[in-house]
Amino acid sequence: MSPHHMTARRPVRLSTVVAGVASAALGATLALAPTSAQARVDDEGTPTPFAMKAKGFGTTVIGDQIPADSQKTGRSVVSCTSMAGVGNRNFVAEAELPEDVATVRGVASHSRTLRKPKKGIVATVSRERVAEVVLAQTELGTLSIQGLRSTATAQHGPDGFRAITDNQIGRIVLTPALGDPVEIEIPDADTPITIPGLATIELGRNVTKQSKRGAYAYSVAAKITVIPTGTKVFVGRTTAQMDRGVINGVFEGSAAAVKANVLGDLLQVGRAVNQVMPCAGTEGEAQSNAAADTTGMLQAQGLDVGAAKVWQRGDQSRRKTAGIERSQIADLTLGPITVDAIKGAVRVARLADGTLKRSASTNVIGFSMDGEQMAPEDLNNQVVEIPGGLLKIQTNVVKRYPGGIRLVPLRLTLLDGTDVDSVVDLGFSRLAIVD
């Protein structure tokens with residue numbers, strides 16, 4: 001849509017616009033306050049026969065120079081659970097997005113599970129409210145997108161599973177460098193609008209899937225493409241999912257061949273060859289993900305990793321709920337260190353009487369330092385010198401936590417003399433069975 005589709009409106013002082021935004025932010029905050037009606041709907045601590053999860057983000061930013069996992073604001077998450085009445089809220093008054101592409105204000109996020117006993121409904125819901133997103137000012141002026149919201153709901157009721165979504169943009173205001181603010185027509189679902197030199201704005205998409213076994217809902221309020229940088233900003237991103245089949249608990253698990261935080265939490269490179277366990281398991285079927293070469297992700301840090309594979313399986317029966325997560329990589333090189341293969345696996349089972357069994361196994365094959373073959377356990381917690389600094393080596397890092405277990409067969413930590421360290425976990429896997 002061209003700029004000619006902009007509709008002029010009565011001149012408005014900037015102070016009036018800001019006051020309206022503040023009012024919208026306050027409204028988003030008040031919407032989060034529990035009401036007596038909501039208290040009657042939520043039935044905290046009630047088990048259900050469904051595996052449920054939900055999550056929402058106020059903003060998600062994607063750009064070539066933006067690190068993974070450093071771009072989300074206003075996050076609320078309900079991890080895999082079978083319990084009604086679980087909830088998570090978040091509110092962000094104001095935040096600057098990466099690369100200074102925009103400022104976001106008044107982010108209210110709420111994800112929860114609930115029951116409506118009188119209607120026979122169990123649901124998982126994620127809601128996002130964003131008062132305003134203001135793109136960085138250019139010589140053309142400032143663009144403000146206001147009153148954004150999205151909701152994703154997966155539910156089961158008398159008519160079976162349903163997936164429901166809803167999204168909305170309140171208004172779009174362009175304030176030129178010279179002149180009065182101009183209100184721009186809201187885009188429809190199929191027709192984005194472009195403000196030349198500033199941004200392209202699209203009404204976010206909705207995805208719904210439902211069957212006899214479950215429901216999935218996904219909604220985004222808006223997608224904003226910043227023209228000068230090509231950066232994409234997704235506003236009001238919500239997801240809700242529900243599946244039947246819970247007997248003795250739900251799964252929380254994942255495996256990743258490489259899991260890395262470079263420069264501590266300042267730059268999270270993310271995970272290579274990653275796989276997440278479905279909340280209800282895999283019905284006993286094996287699932288796998290593999291890559292012939294994962295070098296690209298960490299090559300800048302001097303780490304070369306060859307083939308990688310992750311594998312998982314989860315099953316439920318009246319006797320027990322049991323699962324396994326496996327991860328393996330081959331041909332690793334970091335400075336003077338070479339490894340032929342790294343394999344790790346975690347196993348968790350919960351019996352019908354509530355007994356929990358869990359274990360972890362590690363196998364590091366062909367570990368050598370400067371060409372000399374060594375047993376990796378002999379170097380556990382040792383610090384060795386490599387080009388660019390010192391490297392701490394840890395093997396078979398196992399942590400047990402309520403309902404589950406986490407394993408890192410080989411952890412490499414670069415000690416470069418700063419307050420933050422670069423950590424690379426190889427063969428990562430975790431699994432838990434929870435209510």
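The next point concerns the pairing of strand β6 (residues 121-135). Most of β6 sits out of view: 13 of its 15 residues are buried. When strand β5 (residues 102-116) meets β6, the two strands line up antiparallel, connected through 14 bridges. When the sheet's bridge partners are listed, A108 is paired in β6 with R129. Count of turn residues in the β5/β6 antiparallel hairpin: four residues, of which G120 carries a positive phi of about 70°.

This part takes up the nonpolar core. Core analysis: the largest hydrophobic core is formed by 30 residues, its most contacted members being V133, L143 and L148. Residue contributions to this core peak at four residues, all from strand β14 (residues 214-226). Ignoring anything within four residues of it in the chain, the contact list for L143 reads V133, V134, L135, I172, V173, L174, I184, I195, L198, A199 and I201.

Our next topic: the pattern of salt bridges. Counted under the stated rule, the structure contains eight salt bridges. In this structure, E132 and R105 form a salt bridge, with 3.0 Å as the shortest nitrogen-oxygen distance. In this pair, E132 sits in strand β6 while R105 sits in strand β5, placing the two residues 27 residues apart along the sequence. The shortest N-O distance in the salt bridge between D166 and R149 comes to 2.2 Å.

A few words now on the packing of aromatic side chains. Scanning the model with the defined rule gives one aromatic pair in all. Relative to F161, the ring of F50 lies with its centre 5.8 Å away and its plane at 85°, an arrangement referred to as edge-to-face. In this pair, F50 is assigned in strand β1 (residues 46-62) and F161 in strand β8 (residues 160-168), connecting sequence segments 111 residues apart. By relative accessible area, which is 7% here, F161 ends up buried. Seen from the ring of F234, R237 lies directly overhead, with NZ or CZ sitting 4.9 Å from the centre. One cation-aromatic arrangement involves R326 over W311; the distance from NZ or CZ to the ring centre is 4.6 Å.

Sheet analysis places strand β27 (residues 389-401) next to strand β28 (residues 404-415), joined by 11 bridges and oriented antiparallel. Of the residues in β28, the one forming a bridge with K392 is T413. Counting the residues between successive antiparallel strands, the hairpin from β27 to β28 contains two residues, one of them, G403, with a positive phi of roughly 85°.

Turning our attention to the state of the cysteines. Between two cysteines, a covalent bond joining their sulfur atoms is known as a disulfide. A complete count under the given rule lists one disulfide for this structure. A disulfide bridge connects C80 with C279, and the sulfur atoms are separated by 2.0 Å. One quick way to see it: the torsion about the S-S bond of C80 and C279 is about -70°, and its sign makes the bridge left-handed. With C80 in strand β3 (residues 76-84) and C279 in the loop between β17 (267-276) and β18 (287-291), the pair connects residues that are 199 residues apart, well separated along the chain.

Reading the values: the criteria
Position numbers for residues count from 1 along each chain, tracking the sequence in the order it is written. Confidence filtering applies because this is a predicted model: local features only for residues at pLDDT of at least 70, side-chain atom pairs given and counted only at 80 or more, and all residues used for totals across whole chains, interfaces and linings. Side-chain numbers here rest on the full set of heavy atoms in the structure, without hydrogens or water. Buried residues are those whose accessible area, probed at 1.4 Å on protein chains only, stays under 20% of the maximum for their type, while exposed residues exceed 50% and partly exposed ones sit between those limits. Where helices and strands are cited, they refer to DSSP runs of H or I of at least four residues and of E of at least two residues respectively, numbered from the N terminus. What makes two strands pair is DSSP finding at least two bridges between them. Nonpolar cores are built from buried Ala, Val, Leu, Ile, Met, Phe, Trp, Tyr and Cys residues. Side-chain atoms within 4.5 Å join them into one set. Only heavy atoms matter for contacts: two residues are in contact if any of them lie within 4.5 Å across the pair. Criterion for a salt bridge: a side-chain nitrogen of Lys or Arg within 4 Å of a carboxyl oxygen of Asp or Glu. Pairs were defined over the aromatic rings of Phe, Tyr and Trp, the Trp ring being its six-membered one, requiring ring centres within 6.5 Å. Orientation was assigned from the angle between planes: stacked under 30 degrees, edge-to-face over 60, tilted for the rest. We call a charge positioned above a ring when the Lys NZ or Arg CZ atom is no farther than 6 Å from the ring centre and deviates by at most 35 degrees from the ring normal. Put simply, a disulfide is two cysteine sulfurs that come within 2.5 Å.

It is worth stressing that arrangement in space is one thing and function is another; only the former is reported here.
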